[in-house]
Amino acid sequence: MRVALYPGTFDPITIGHIDIIKRACALVDRLVIGVAINRDKGPMFTLEERVEMVEAECAALSEQTGTEIVAHPFENLLINCAYDVSASIIVRGLRAVTDFEYEYQMVGMNRALDASIETVFLMADLKHQAIASKLVKEIARLDGDVSKFVTPDVKQRLYQKLGRS
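Small disclaimer: the values here were computed from a predicted structure and weren't measured.

### Remarks on the nonpolar core
Turning to step 1, where the next piece is worked out: Counting residues in each nonpolar core, the largest one holds 34 residues, and the members touching the most others are Ile21, Leu31 and Ile33.
Turning to step 2, where the next piece is worked out: Excluding anything up to four places from it in sequence, Ile33 contacts Tyr6, Phe10, Ile21, Val54, Ile69, Val70, Ala71 and His72.
Turning to step 3, where the next piece is worked out: With 13 residues, the next largest nonpolar core counts Leu5, Ile79, Ile90 and Ile117 among its residues.

This is the structure:
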């Protein structure tokens, strides 16, 4: 069984993330969405809320693709998380050259820790390349419409979190 780990904070999950998840499903039998506990980023949503959103957004996709998709919270090294979920592949989404520079460094460090775990980069669809959770939250905070960037359920959760309807 081919198992991959797609890590991120998913604060919130965007249609760009969903695009990468869909692409990854074509490559593996089981996809673990590693929902990072990253206290340095100061997430808007709690860990439980982010896991719920990932599970809700991926349920239909799992059924549609036949790939088992599970959410897995983690706070340890990415390599250790990969061990925990028996992943031999790490999936990373790329939007721009700046993403690649950071990811290239991460791959080098991860390979030094364990060269048997392969990293696969998936390019976001052109129409999703500008989407970043940080920007989505900023648009929502400033009363903008985030409908182009998140699903209706995530939009509702985001606006509720901000005290809007």
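The discussion continues.
### Some words on the packing of helix α2 (residues 47–65) against helix α6 (residues 152–161)
Turning to step 1, where the next piece is worked out: Where α2 meets α6, the closest approach of the two axes is 11 Å, and the angle between their N-to-C directions is 160 degrees. In terms of axis orientation, α2 runs roughly antiparallel to α6. Handedness of the crossing formed by α2 with α6: right-handed. Between α2 and α6, the contacting residues are Glu49, Glu52, Met53 and Glu57 on the first element and Asp153, Val154, Arg157 and Lys161 on the second.
Turning to step 2, where the next piece is worked out: Each residue belonging to the contact of α2 with α6 can be placed in one class, and the counts come to two nonpolar, no polar and six charged.

### Side note on the state of the cysteines
Turning to step 1, where the next piece is worked out: For the structure shown, the criterion picks out zero disulfides.
Turning to step 2, where the next piece is worked out: This cysteine, Cys25, is not joined by any disulfide, and Cys58 carries the nearest cysteine sulfur, 7.4 Å off.
Turning to step 3, where the next piece is worked out: Classification of Cys25 by relative accessible area gives buried; the value is 5%.
Turning to step 4, where the next piece is worked out: Take Cys81: it sits in no disulfide, and the sulfur closest to it among the cysteines is that of Cys58, at 15 Å.
Turning to step 5, where the next piece is worked out: Residue class for Cys81 comes out buried when judged on its relative accessible area of 0%.

### Side note on unusual backbone geometry
Turning to step 1, where the next piece is worked out: With an omega of 0 degrees, the peptide bond between Asp11 and Pro12 qualifies as cis.
Turning to step 2, where the next piece is worked out: Its place among the elements puts Pro12 in the loop between β1 (3–8) and α1 (15–25).
Turning to step 3, where the next piece is worked out: Phi at Ser86 takes a positive value of approximately 60 degrees, unusual for a residue other than glycine.
Turning to step 4, where the next piece is worked out: Looking at the element boundaries, Ser86 is found in the loop between α3 (78–84) and β4 (89–94).

### Quick notes on the environment of Ala132
Turning to step 1, where the next piece is worked out: Turning to its location among the elements, Ala132 is positioned in the loop between β5 (118–123) and α5 (133–141).
Turning to step 2, where the next piece is worked out: Separated by 118 residues in the primary sequence, Ala132 and Thr14 place their C-alpha atoms 7.6 Å from one another.

### Some details on the sheet that holds β4
Turning to step 1, where the next piece is worked out: Ordered in space as β3-β2-β1-β4-β5, the five strands form an open sheet in which the pairing is parallel. Both edges of this open sheet fall to β3 (68–74) and β5, since each of them pairs with a single strand only. Each neighbouring strand pair of the sheet contributes to a mean axis angle of 30 degrees, computed without reference to strand direction.
Turning to step 2, where the next piece is worked out: Where β1 meets β4, two bridges bridge the pair, whose relative direction is parallel. In the strand pairing of β4, Leu5 is matched with Ile90.
Turning to step 3, where the next piece is worked out: Sheet contacts for α2: β2 (30–36) and β3; angle to β3, the most-contacted strand, approximately 170 degrees.

About the cut-offs
As a convention, each chain's residues are numbered from 1 in the sequence order in which they are written. Given that the model is predicted, a residue must reach a pLDDT of at least 70 before its local features are reported, and side-chain atom pairs must reach 80 or more before they are shown or counted; all residues, however, enter totals for whole chains, interfaces and linings. Hydrogens and waters are ignored; side-chain quantities use all the structure's heavy atoms. Residues belong to one nonpolar core when they are buried, are Ala, Val, Leu, Ile, Met, Phe, Trp, Tyr or Cys, and are joined through side-chain atoms within 4.5 Å. Buried residues are those whose accessible area, probed at 1.4 Å on protein chains only, stays under 20% of the maximum for their type, while exposed residues exceed 50% and partly exposed ones sit between those limits. Here, two residues are considered to be in contact whenever any of their heavy atoms come within 4.5 Å of each other. Here an axis means a line fitted to C-alpha atoms, over the contact stretch when the element is a helix, while the angle between two N-to-C directions is reported on a 0 to 180 degree scale. The secondary structure listing takes helices from DSSP runs of H or I that are at least 4 residues long and strands from runs of E that are at least 2 residues long, numbered from the N terminus. An angle below 35 degrees is treated as roughly parallel, one above 145 as roughly antiparallel, one from 65 to 115 as roughly perpendicular, and anything else as oblique. Definitions for this section: a left-handed crossing has its near helix turned counterclockwise from the far helix by less than a right angle. A right-handed crossing has that turn clockwise. Residue classes follow a fixed rule: Ala, Val, Leu, Ile, Met, Phe, Trp, Tyr, Cys and Pro count as nonpolar, while Asp, Glu, Lys and Arg count as charged, and any other residue, Gly among them, counts as polar. A pair of sulfur atoms, both from cysteines and within 2.5 Å, is called a disulfide here. DSSP-based pairing: two strands are paired if at least 2 bridges between them are found.

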